[in-house]
Amino acid sequence: MTPTTLFNRYLWLIELLSYSKGLSKSEIDSRWANSVFNDDGKKTIPRRTFIRMKDNILNLFDIKIGYDRKDKKYYIENDISECNKNTQFLLSAFAVNQMVSENRDLADRILLEDTPAGSNIFLPEITTAMRENRRLSITYQNYEMQTAREFEIEPYALRYFGRRWYVLAHTDFHNSLRLYALDRMKDVKISDKLFKLPEDFSADDYFSRYFGVIVTDGKAENIQLKTSDTRAKYLRSLPLHRSQKEIASNLFELHLVLTDDFINAVRAMGTEVEVLSPKWLRKRLLQDAKDLVKKYSKKL
């Protein structure tokens, strides 16, 4: 059995139990018999296999499957919403994949966002290099480059944003960390050269001051946003940034480095949000609005 097959089975069991108040072994077997991931056609999961699945799920995802002896049902002890972001991302992606797989007859009625061609084609090579601390030789061409060029990077971390995958990497040429979009890579090769990841490096800490993938040396600032009632509900359910807090009704405060990624997110909310501070951002958005009015006021 391949690692991918095993991984899918673990995710299947987590997703199954996370949407129930508990299931007996016979109920789990019944669901398994009809699962698209049951590629060997067995009607039940052998008990030893089931116990091994529970142990591996705990080790891989830090999710504990408990057993209620009174009701004779298995359940997830953890609060899934408190799992780390990677686990939540995997579970979400798996749920979508399972839903699409089980409803192929509805394919023309289930619409997903398009992703750039090649946005994840080099993920296996990059994750392998990250795991083994090996350099990568990439052939890369961003939108500002006239031709592609080949150079080596030291892959530190992967980030997914705006329907694209990016690798955060160190290069000798820049002697700093840069982000490279996977869909702009023409070729990727794992090198025999090793690199040492700094002991104090944390991808989570590195991106904690930023929104998106634009990273600068600027200082983090306090931002206050006044929103409409409807927009406030969206921000409460899906915060813009980890620093976001509601300091008054419909008044949100964030602390981060202001980049175009964040400013564009604010622009996208239109008149449903008003920037109260910092003043320079308020003035910039005001000027943008004036320029927009001027552009659209021209006669066609």
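Residues numbered from 1 in each chain as written. Predicted model: local features only at pLDDT ≥ 70, side-chain atom pairs only at ≥ 80, totals over all residues. Heavy atoms only, no water.

Visitor: I would appreciate a short explanation of the nonpolar core in the present structure.
Guide: In this structure, Ile138, Ile153, Tyr180 and Met185 are the most contacted members of the largest nonpolar core, which totals 26 residues. Secondary structure elements with two or more residues in this core: α5 (123–132), β3 (134–140), β4 (149–161), β5 (164–171), β6 (176–181) and β7 (185–194). With five residues, β5 is the single largest residue contributor to this core. Beyond its immediate stretch of four places on either side in the chain, isoleucine 153 contacts Arg135, Leu136, Ile138, Val167, Ala169, His170, Thr171 and Tyr180. (Core = buried A, V, L, I, M, F, W, Y, C linked by side-chain atoms within 4.5 Å. Buried < 20%, exposed > 50% of the residue type's maximum accessible area, 1.4 Å probe, protein only. Helix = DSSP H or I, 4+ residues; strand = E, 2+ residues; numbered from the N terminus. Contact = heavy atoms within 4.5 Å.)

Visitor: Before we go on, may I ask you to explain the environment of serine 176 in this structure?
Guide: Considering the arrangement of structural elements, one finds serine 176 in strand β6. Among the residues examined, serine 176 registers a relative accessible area of 26% and is labelled partly exposed. Between the C-alpha atom of serine 176 and that of asparagine 97, which follows or precedes it by 79 residues, the distance is 37 Å. For serine 176, the contacting residues outside a window of four places in its chain are Ala169, His170 and Thr171.

Visitor: Mind showing me how you'd approach the sheet that holds strand β8 (residues 221–227) here?
Guide: Strand-to-strand pairing in sheets goes through backbone hydrogen bonds, with the strands running parallel or antiparallel. The strand order β9-β10-β8-β11 describes an open sheet built from four strands, whose pairing is antiparallel. Two strands close off the open sheet at either side, each with one partner strand: β9 (245–248) and β11 (273–277). This sheet shows a mean twist of 35° between the axes of neighbouring strands, independent of strand direction. Here three bridges tie β9 to strand β10 (residues 251–256), and the two strands are oriented antiparallel to one another. Following the sheet pairing, lysine 245 is matched in β10 by glutamate 253. (Pairing = 2+ DSSP bridges. Axes fitted to C-alpha atoms, helices over the stretch in contact; angles between N-to-C directions.)

Visitor: So what exactly am I meant to see when it comes to the pattern of salt bridges here?
Guide: Any two side chains of opposite charge can pair, so long as their charged atoms come close to each other. Applying the stated criterion to the full structure yields 15 salt bridges. Across the pair lysine 245 and glutamate 253 runs a salt bridge whose closest N-O atoms are separated by 4.0 Å. Residue lysine 245 is classed as partly exposed on the basis of its relative accessible area of 47%. Of the residues examined, glutamate 253 reaches a relative accessible area of 17% and is grouped as buried. One network of salt bridges, in which partners are shared, links Arg135, Glu152, Glu154, Asp172 and Lys193. (Salt bridge = Lys/Arg side-chain N within 4 Å of Asp/Glu carboxyl O.)

Visitor: Even after reading the chapter, I still don't get the sheet that holds β5, so can you show me in this structure?
Guide: Taken together, five strands build an open sheet; the order of strands is β6-β5-β4-β3-β7 and the sheet is antiparallel. Each end of this open sheet is capped by a strand with a single partner; those strands are β6 and β7. Within this sheet the neighbouring strands show an average axis-to-axis angle of 45°, counted without direction. Taken together, the six bridges between β5 and β6 define a ladder with antiparallel strand orientation. Of the residues in β6, the one forming a bridge with histidine 170 is leucine 177. The sheet contacts of α5 involve β3, β4, β5 and β7, and relative to β4 the element is tilted by about 90°.

Visitor: Would you mind going over a nonpolar patch on the surface with me for this structure?
Guide: Among the surface-exposed residues, Phe89, Leu90 and Tyr160 lie close enough to one another that they form a single nonpolar patch of about 240 Å² accessible area. Within the element layout of this structure, phenylalanine 89 appears in helix α4 (residues 85–102). Among the residues examined, phenylalanine 89 registers a relative accessible area of 38% and is labelled partly exposed. (Patch = residues over 30% accessible without salt bridge, like charges linked within 9 Å, V, L, I, M, F, W, Y side chains within 5 Å. Areas by Shrake-Rupley, 256 points an atom, 1.4 Å probe, with all protein chains shown as cover.)

Visitor: Teacher, can you tell me more about the pairing of strand β2 (residues 73–76) here?
Guide: Within a regular strand, side chains alternate between the sheet's two faces. Alternating positions in β2 separate cleanly, Tyr74 and Ile76 being buried on one face and Lys73 and Tyr75 remaining unburied on the opposite face. Strand direction decides the pairing type here: strand β1 (residues 65–68) and β2, joined by four bridges, are antiparallel. Bridging from a neighbouring strand, tyrosine 67 pairs with tyrosine 74 of β2. Joining the antiparallel neighbours β1 and β2 is a turn of four residues, in which lysine 72 adopts a positive phi near 60°.

Visitor: What is the right way to read the layout of surface pockets from this model?
Guide: One water molecule sets the probe size; rolling that probe over the atoms shows where empty space is left. Taken as a whole, the second largest pocket holds about 700 Å³ of empty space. Lining the second largest pocket we find 26 residues, and of these Arg178, Leu179, Tyr180, Val213 and Ile214 sit closest to its centre. Here the element with the most residues in the lining of the second largest pocket is β6; it accounts for five residues. The residue inventory of the lining of the second largest pocket, partitioned by class, reads 16 nonpolar, four polar and six charged. (1 Å grid on protein atoms, 1.4 Å probe; cavity = no way out; pocket = protein on both sides within 12 Å on 5 of 7 lines; lining within 4 Å. Points joined across faces, edges and corners; volume = space filled by probe spheres on them. Nonpolar A, V, L, I, M, F, W, Y, C, P; charged D, E, K, R; others polar.)

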